[in-house]
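This is what each chain is made of:
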Amino acid sequence: MAEVKLDAQVRTEFGKGAARRTRRANLVPAVVYGHGAEPVHVTLPGHDLMMALKTANVLIGLEIDGKDALVIPKAVQRNALKGNIEHVDLLTVKRGEKVNVEIAVHVEGDLAPGGNLLEYVQNTLLVEAEATHIPESVTVSIAGLDAGASVLAKDIPLPKGSVLAGDEEAVVLQVVAAQAEEPAAEGAEGEGAEA
């Protein structure tokens, strides 16, 4: 995974008014924390941050007052109506350190013939991976699965260097039979219309 570089300025103003002024200047308020250090309140360039966050679990190299920090996004708050980023929590990591992250689950292949439907019970999988080698996603083959089949977390092949951090027995995908609606009896509709 490539590392994205961003310049961060330390924030000295806090509160709603200061946050609004920051956002009007196309900057995003953020907090950098981790490794027992005091949290550092910073502002980040809005557009560059938005582009970086398009990659899940992106590794971000921050320059804060001449010091370098390696971080991953932990929480992103977005405006409910506009969708723009309002605040970000960033977790400090070190090269070689293991972190727990959620990665996307993708499927390939076709289900067994018939009226089968695939249900995602979980869209992501919690894994432990090295901070500088976080996988973007995992791919699961559903080829030939029939109604009643399930894919458990332990059945999903993980990329090299990653281990499952969540419940091994958790159902991630399941195949269900499509349910057809019963047609309404014509006699019942006709009787109600005559009365």
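Here, the structure is the one placed above.
Residues numbered from 1 in each chain as written. Predicted model: local features only at pLDDT ≥ 70, side-chain atom pairs only at ≥ 80, totals over all residues. Heavy atoms only, no water.

Trainee: Would you take a moment to explain the pattern of salt bridges for this structure?
Mentor: One side chain can pair with another of opposite charge once the charged atoms of both are near each other. Overall, the coordinates contain one salt bridge when judged by the stated rule. Between Lys-154 and Glu-169 there is a salt bridge; the shortest N-O distance is 2.8 Å. Placement of Lys-154 in the loop between β11 (150–152) and β12 (163–164) and of Glu-169 in the loop between β12 and β13 (171–177) is noted, with a sequence separation of 15 residues between them. By relative accessible area, Lys-154 is classed as partly exposed at 44%. Glu-169 gets classed as partly exposed once you look at its relative accessible area, which sits at 45%. (Salt bridge = Lys/Arg side-chain N within 4 Å of Asp/Glu carboxyl O. Helix = DSSP H or I, 4+ residues; strand = E, 2+ residues; numbered from the N terminus. Buried < 20%, exposed > 50% of the residue type's maximum accessible area, 1.4 Å probe, protein only.)

Trainee: In this structure, what is going on with the side chain of Asn-116? I would like to understand it.
Mentor: Mapped onto the fold, Asn-116 is located in strand β8 (residues 116–120). Polar contacts involving the side chain of Asn-116 include one to the main-chain carbonyl oxygen of Ala-112, which spans 3.2 Å. For Asn-116, the side chain forms a polar contact with the side chain of Asp-146, separated by 3.0 Å. (Polar contact = N/O pair within 3.5 Å; in protein donor to acceptor, adjacent residues only side chain to side chain.)

Trainee: Which parts of the structure should I look at to understand the pairing of strand β9 (residues 124–130)?
Mentor: For a regular strand, the rule is simple: side chains alternate between the two faces of the sheet. Burial along β9 is one-sided: the residues Leu-125, Val-127 and Ala-129 are buried and none of Thr-124, Leu-126, Glu-128 and Glu-130 is. Note: strand β7 (residues 98–108) against β9, seven bridges, orientation antiparallel. Paired with Ala-104 across the two strands is Thr-124, which belongs to β9. With two bridges connecting them, β9 and β12 associate as antiparallel partners. (Pairing = 2+ DSSP bridges.)

Trainee: Hey, could you run me through the sheet that holds β13 in this one?
Mentor: Within a beta sheet, neighbouring strands are joined by backbone hydrogen bonds and run either parallel or antiparallel to one another. The three strands lie next to each other as β8-β13-β11, forming an open sheet whose pairing is antiparallel. Each edge of the sheet is formed by a strand with only one pairing partner; in this case those strands are β8 and β11. Taking each pair of neighbouring strands and ignoring which way they run, the sheet shows an average axis angle of 15°. Sheet analysis places β11 next to β13, joined by three bridges and oriented antiparallel. Across the sheet, Val-151 pairs through a bridge with Leu-173, a residue of β13. (Axes fitted to C-alpha atoms, helices over the stretch in contact; angles between N-to-C directions.)

Trainee: Would you explain the environment of Asp-110 in this entry?
Mentor: Summarising the element assignment, Asp-110 is placed in the loop between β7 and β8. Judged by relative accessible area, which is 63%, Asp-110 ranks as exposed. In this view, Asp-110 contacts Ile-142, Ala-143 and Gly-144; residues no more than four positions away in its chain are not counted. (Contact = heavy atoms within 4.5 Å.)

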